[in-house]
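Coordinates in review
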Amino acid sequence: MIVMTNLFSASASEIFAAAMKDYGRAVIVGDKKTHGKGTVQTVSDIDRFLPFFTAQSFKGGTVKLTNAKFYRINGESTQLKGVIPDITFPDFTETLENVGEDKLDYALQWDTVPPRKYTLFSGAEHLKAILPELQKRSQERVDKSPVFQAMRQDI
């Protein structure tokens, strides 16, 4: 299986790509990394809490609270670092300077937890063995492709 990602792959798509990679079920291809969103937020209207604190009614706005963090089975977070693909190729997202969780003010830091015990997919060793050849062939295709050459020029 191939899972294609880019810098805009965030949250659930990152969790899926990481799980497929960690279990040895897929080759991840795409940008240099995914978005790096490893947190869960809840947005709440402050208006509904105001009657408890004041007799007046007015628009209080909203508050966004981070209430959870995602971790991979290997213990790593997807926060900031995202998922690094097995095979990369040029993409216009390389030119975007303000995209990614690592570009946000006050983003939580990357960290780890103890890894979980898990069983690799039965074909994981085969996939690991052929990955260098797949990477080599992909790079050769990118180097020879007029489309990728034009994209590199534009980037």
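Please read all numbers here as calculations on a predicted model, not as lab measurements. (Residues numbered from 1 in each chain as written. Predicted model: local features only at pLDDT ≥ 70, side-chain atom pairs only at ≥ 80, totals over all residues. Heavy atoms only, no water.)

1. Examining the layout of surface pockets
Rule in force here: Residues are called lining when one of their atoms sits within 4 Å of a cavity or pocket point, these points coming from a 1 Å grid over the protein atoms alone, where a cavity is a set in which a 1.4 Å probe fits but cannot get out and a pocket is an open set with protein on both sides within 12 Å along at least five of seven lines. Grid points are joined across faces, edges and corners, and a volume is the space filled by probe spheres set on the points. Each helix is a run of DSSP H or I of at least 4 residues and each strand a run of E of at least 2, with the numbering of both proceeding from the N terminus. Classes in brief: Ala, Val, Leu, Ile, Met, Phe, Trp, Tyr, Cys and Pro nonpolar; Asp, Glu, Lys and Arg charged; the others, Gly included, polar.
Here the largest pocket is characterised by a volume of approximately 220 Å³. Taken together, Lys-21, Asp-22, Gly-24, Ala-26, Val-27, Asp-86, Leu-120, Ala-124, Glu-125, Leu-127, Lys-128 and Leu-131 make up the lining of the largest pocket. Of all the secondary structure elements, the ones that give two or more residues to the lining of the largest pocket are α1 (12-22) and α2 (124-144). Counting residues per element, the lining of the largest pocket draws most heavily on α2, which supplies five residues. Partitioning the lining of the largest pocket into residue classes produces six nonpolar, one polar and five charged.

2. Thoughts on the nonpolar core
For clarity, the threshold we go by: Working definition of a nonpolar core: buried Ala, Val, Leu, Ile, Met, Phe, Trp, Tyr and Cys residues. They are joined through side-chain atoms within 4.5 Å. Under the scheme applied here, a residue whose accessible area is under 20% of the maximum for its type counts as buried, over 50% as exposed, and between as partly exposed, the area being computed with a 1.4 Å probe on protein chains only. The contact rule is simple, with two residues in contact once any of their heavy atoms fall within 4.5 Å.
Core analysis: the biggest nonpolar cluster contains seven residues, these being Val-3, Ala-17, Ala-18, Met-20, Ala-26, Ile-28 and Val-83. Tallying contributions element by element places α1 first for this core, with three residues. The contacts of Met-20, once residues within four sequence positions are left out, are Met-1, Val-3, Arg-25 and Ala-26. Counting five residues, the second-largest nonpolar core is a separate cluster that includes Val-27, Val-29, Ile-87 and Leu-131.

3. Some words on the environment of Trp-110
Defined as follows: Whenever two N or O atoms come within 3.5 Å, that pair is a polar contact, provided that in protein one can donate a hydrogen and the other can accept it, and provided that, for residues adjacent in sequence, both atoms are side-chain atoms.
Note on placement: Trp-110 falls in the loop between β5 (87-88) and α2. Along the sequence, Trp-110 and Gly-82 sit 28 residues apart, while their C-alpha atoms lie 9.5 Å from each other. Beyond its immediate sequence surroundings of up to four residues, Trp-110 is in contact with Glu-76, Ser-77, Gln-79, Leu-80 and Lys-81. Here Ser-77 takes part through its backbone oxygen, which lies 3.0 Å from a polar atom of the side chain of Trp-110.

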